[in-house]
Amino acid sequence: MKKLLLSLVLSALLFSSEKNDAVAKMLQEFEASKQAQQKEFTSYKAQLEKEYSNYKQELKIYWEDPKLSTKKEWVSYTKDKKSRSKVDFENNSYTVEVIAKNLKDATIKLKERISYIVSKNTKEVVQTDPLQKRVAKISQATDVVTSPIKAKPILSTLIFHDNPTRYEVKTYATQTLQENKIVTAKAKSKNEKVYKLNVRLPKNSKIKLSQVYQGEVSKNSKRFKLPNELVFAIMQTESDFNPFAKSHIPAFGLMQIVPRSAGRDTYKLLYKKKGMPSATYLYNGENNIQMGSAYLYILYYRYLRKIKNPQSRLYCTIAAYNTGAGNIAWAFTRKYNMSKAAPKINALSPEQVYNRLLKDLRFDEPKNYLKRVRRRMKVYKVAYKDL
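Overview of the structure. (Residues numbered from 1 in each chain as written. Predicted model: local features only at pLDDT ≥ 70, side-chain atom pairs only at ≥ 80, totals over all residues. Heavy atoms only, no water.)

### A look at the sheet that holds strand 6 (residues 193–200)
Next up, step 1: Read across the open sheet, the five strands follow the order 1-2-3-6-5; overall the sheet is antiparallel. Two strands lie at the open edges of the sheet, namely strand 1 (73–77) and strand 5 (182–186), each paired on one side alone. For this sheet, the mean inter-axis angle between neighbouring strands, taken without regard to orientation, is 20 degrees.
Next up, step 2: Of the strand pairs in this sheet, strand 3 (residues 93–100) and strand 6 are connected by eight bridges, and their pairing is antiparallel. What sits directly across from Ala 100, in strand 6, is Lys 193. (Pairing = 2+ DSSP bridges. Helix = DSSP H or I, 4+ residues; strand = E, 2+ residues; numbered from the N terminus. Axes fitted to C-alpha atoms, helices over the stretch in contact; angles between N-to-C directions.)

Here is the structure:
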């Protein structure tokens, strides 16, 4: 009996040791994988930043204030860098500027730039915009994925009823020059001036811009069991439907996907394998909406699944899209553990949860984000009630 007990004890100790070794090995492999992914992202981010920085330095030769695209602004230059456009999606306007020797030359260049931004689709921009061409050619790391850009209208649906003809585009550019004042300023070159034109876009632009992506939103809302008005409201709040949106983080595209975090999580969910989406991949509206919707699914049905009331969980999901699930837990417990926060959230009504988030989220940005998304969801629910 003693020998049997001793044998059992030794076997248990051996099994326990082997189990601990296996767990330790798994943790080591996980940490190694995590570090490798971080290294890949750091490398890709560094290449992006270098490309943007180099391009900005080149622009300084011609412009006192070289500008690049942001979350709500799409900025584009010609190949010679002496003409540029800035579409301000948030404020519903665009600006075209050219460097020229005289008004005659400036008028020709202004017409060309106006024609470009009101007629080109996303695919044509990636093929012709100097910076986008550079970004697309950045050497890819082993698990960075890219994809061809699908052609989607950018501004044409706001101005024309159908795909515009060359004559219609030319006519619009001519009329726009006649109806808006050209302002001049000093250029860096002594023999030239900067000629600038500010133009207001038509009213109700947000709904018209959203209609471009109606099919993708409908498909992904059904796939991931989400209200379509949520996806539309997130898109407007993130980018105001700027397909070339880019933040400093960096995050890219319509729903502002961060390649390292949301990008990796959603790519694994969608394709059952590791991968980090590139900037070009995320400038494809179809990819971006799919990934943004998939990330909302992860937040709502996984990270925040212990919140019982659907409306309460929706409010937490909206805020988490901006600030992360851990910060949602912190608002209720001052700790980052959702398992501990869920019972406290479940004890409150949806409106109490909403008010608590507005009061106790750590930063003002997610508070304002939650308010804007909730307000805009009501608009899109009415606009797309038959979707």
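On we go.
### Quick look at unusual backbone geometry
Next up, step 1: Residue Pro 250 is bonded to the preceding Ile 249 through a cis peptide linkage, with omega at 5 degrees.
Next up, step 2: Despite not being glycine, Lys 81 has its phi angle at roughly 65 degrees, a positive value.
Next up, step 3: Considering the arrangement of structural elements, one finds Lys 81 in the loop between strand 1 and strand 2 (83–88).
Next up, step 4: Judged by its relative accessible area of 14%, Lys 81 is buried. (Buried < 20%, exposed > 50% of the residue type's maximum accessible area, 1.4 Å probe, protein only.)

### Topic: the environment of Thr 78
Next up, step 1: Within the element layout of this structure, Thr 78 appears in the loop between strand 1 and strand 2.
Next up, step 2: Separated by 35 residues in the primary sequence, Thr 78 and Arg 113 have C-alpha atoms spaced 8.3 Å apart.
Next up, step 3: Non-local contacts of Thr 78, meaning those with residues more than four positions away in its chain, are made with Ser 83, Arg 113 and Pro 130.
Next up, step 4: Within the structure, Thr 78 has its side chain in polar contact with the side chain of Asp 80 (distance 2.6 Å). (Contact = heavy atoms within 4.5 Å. Polar contact = N/O pair within 3.5 Å; in protein donor to acceptor, adjacent residues only side chain to side chain.)

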